[in-house]
Number of protein chains: 2
Amino acid sequence: MDAEARQHRLELLTDRSAASGLPVTAQRRAVLETILDMNNHPSADQVHAAVLAKMPEVSRATVYRSLDTLVDFGLLVRLCHPGRVARFDPRTSAHHHLICLRCDAVRDFEDERLNQIDPPDTSSHGFALQDLRVQLRGVCSACLEKENTT
Amino acid sequence: MDAEARQHRLELLTDRSAASGLPVTAQRRAVLETILDMNNHPSADQVHAAVLAKMPEVSRATVYRSLDTLVDFGLLVRLCHPGRVARFDPRTSAHHHLICLRCDAVRDFEDERLNQIDPPDTSSHGFALQDLRVQLRGVCSACLEKENTT
DNA sequence: TTAAGTGCAAAAGCTTTGCGGGTAG
DNA sequence: CTACCCGCAAAGCTTTTGCACTTAA
C-alpha cells in the first residue's frame, strides 16, 4: 500500500476509535501498521509474528483482539477461503481473488470486467448486500509445478 | 437433491473409489448419503450428528476422514466462508452464495446472469482456473431483524 | 478518574493422528 | 492376502476467556 493511502488508513483508526468512544492504543496501532505493510493476506499468527518485530512484548491474545476490533471498525476484512485459519486483508474495497484449492494461497486478482458486474437484486431474500466478490478457484502455479515434478 | 441426482452421485462414489483403488466402505457411503440430504452447508460436526441417526457407532474421526476423501473424489466441495469451522457442500457445480457477515450463514443464490459471466484469463498468473463463484456479502434477514429489535 | 485494554495462562473448540483390530476387493 | 479403513483416545492448533494490572482520554 502506498504511503499516502497508508497514512489515511491510520487516520481512520483515530476517527473510528473516537466515534466508538474507544481509546487508540499503541498495540492496535502497531497491528494496523503491520498488516498494512503485508500483502499476503496473513493469518492472525503471521500478523503476531510480524508485530513482534516492532513491539516485542505483544501477546497473541492482544493481536487476536485487535484484529477483531479493526474488522469492526471496517479497517480490515476477514477473508473467505477454504482453509481453517482466519485470514485478514487490509484492502477493504471489493476486489477479486485467485484461490488455490491445493495450498490455500489467496492472491488478489484485478479485472475491470469483473468490477463492472452489476450486483443482483437480493431483496427477495431480505438480504442487505454490501459487496460482491468473485472467487476464481483452481490450482496456483506453484502447486502446478510441484505436481509436474512428482 | 432429487432422487435421480442423488442416485447418480452414489454411483459416482463407486466409480471414483474403483478409479483410485480404494474400497467403498459403509461409513463413507453413509456420510455421502447423509450430506446429500442436507442443504444447510453443514459443518463436519453437523454431518457427524446426522450420520449417527442412521449408523450409531460412527466416530467423529471417521466422518472427518470420509469428508476429506469425498472432497478428493470431487463429490463434495469445501466451502469458502468467513467462519472458523470447515463446511461442506454436496452441490459441486459452480453456483453463488449469500454470505452473512454477522452470523456466518451461507445460502445458495441462483442467478442466471451471474452464471453467464465469462471467466477471465488467469494464465498470466500461471493459474489453472477450475470455477468461478460469486460471493454476495452482507447481512441476512435474520440478523437484520435482530438488529431492529435491539 | 474510569472505562477499556493488556499480558498471561488456562480453557475451549475444531481437526488430525497413532494404534490395535477389522474389512473390502 | 493385502492394503486400506475403523473406533478410540490422545495430541495439535487456532482462538477465546478470566483475572489482576495498566493506560488512554
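Above this text is the structure in question.
Because the structure is predicted, anything quoted here is derived from the model rather than measured. (Residues numbered from 1 in each chain as written. Chains lettered and ligands numbered in written order. Predicted model: local features only at pLDDT ≥ 70, side-chain atom pairs only at ≥ 80, totals over all residues. Heavy atoms only, no water.)

### Examining the side chain of B:Arg133
Logical step 1: Turning to its location among the elements, B:Arg133 is positioned in strand β5 (residues 128-139).
Logical step 2: Look at B:Arg133 and you get buried, because its relative accessible area is 4%.
Logical step 3: A polar contact of 3.3 Å, which involves the side chain of B:Arg133, links it to the backbone oxygen of B:Thr92.
Logical step 4: Look past the residues within four positions of B:Arg133 in its chain and what remains in contact with it is A:Arg133, A:Val134, A:Gln135, A:Arg137, B:Val77, B:Arg91, B:Thr92, B:Ser93, B:Ala94, B:His95, B:His96 and B:His97. (Helix = DSSP H or I, 4+ residues; strand = E, 2+ residues; numbered from the N terminus. Buried < 20%, exposed > 50% of the residue type's maximum accessible area, 1.4 Å probe, protein only. Polar contact = N/O pair within 3.5 Å; in protein donor to acceptor, adjacent residues only side chain to side chain. Contact = heavy atoms within 4.5 Å.)

### Describing the protein's contact with DNA strand D
Logical step 1: The immediate surroundings of DNA strand D are formed by 20 residues, with A:Tyr64, A:Ala86, B:Arg28, B:Thr62 and B:Arg65 found nearest.
Logical step 2: When atoms of DNA strand D within 4 Å of the protein are sorted by moiety, sugar and phosphate together comprise 73%.
Logical step 3: Between DNA strand D and A:Val24 there is a distance of 3.2 Å, counted from a phosphate oxygen to a backbone nitrogen or oxygen.
Logical step 4: A distance of 2.9 Å separates a base nitrogen of DNA strand D from a polar side-chain atom of B:Arg65. (Near = heavy atom within 4 Å.)

### Brief notes about helix α3 (residues 44-54) of chain B
Residue and element names in this part refer to chain B.
Logical step 1: Ala44, Val47, His48 and Val51 are the residues of α3 that are buried. Along the long axis of α3, the arc covered by the buried residues comes to 100°, so they all point the same way.
Logical step 2: Looking at the packing, one finds that the buried side of α3 touches α2 (26-36), α4 (60-72) and β2 (88-89). (Arc of directions from axis to C-beta.)

### Brief notes about the interface of chain B and chain A
Logical step 1: Each partner contributes to the interface: chain B provides 40 residues, whereas chain A provides 40 residues.
Logical step 2: Interface area for chain B against chain A, summed over the two sides, is near 3500 Å², with a carbon-plus-sulfur share of 61%.
Logical step 3: The closest approach of N and O atoms between B:Arg137 and A:Asp131, which form a salt bridge, is 3.4 Å.
Logical step 4: For the side of chain B that touches chain A, the secondary-structure elements that each account for two or more residues are β1 (77-78), β3 (96-100), β4 (106-109), α5 (112-115), β5 and α6 (141-149) of chain B. (Buried area = accessible area lost by both parts, 1.4 Å probe. Salt bridge = Lys/Arg side-chain N within 4 Å of Asp/Glu carboxyl O.)

### Here we look at the nonpolar core
Logical step 1: Ranked by size, the top nonpolar core spans 24 residues in total, and within it A:Val134 and B:Val134 carry the most contacts.
Logical step 2: Secondary structure elements with two or more residues in this core: β3 (96-100) and β5 (128-139) of chain A together with β3 and β5 of chain B.
Logical step 3: Excluding its chain neighbours within four sequence positions, the residues that come into contact with A:Val134 are A:His95, A:His96, A:His97, A:Leu114, A:Ile117, B:Leu132, B:Arg133 and B:Val134. (Core = buried A, V, L, I, M, F, W, Y, C linked by side-chain atoms within 4.5 Å.)

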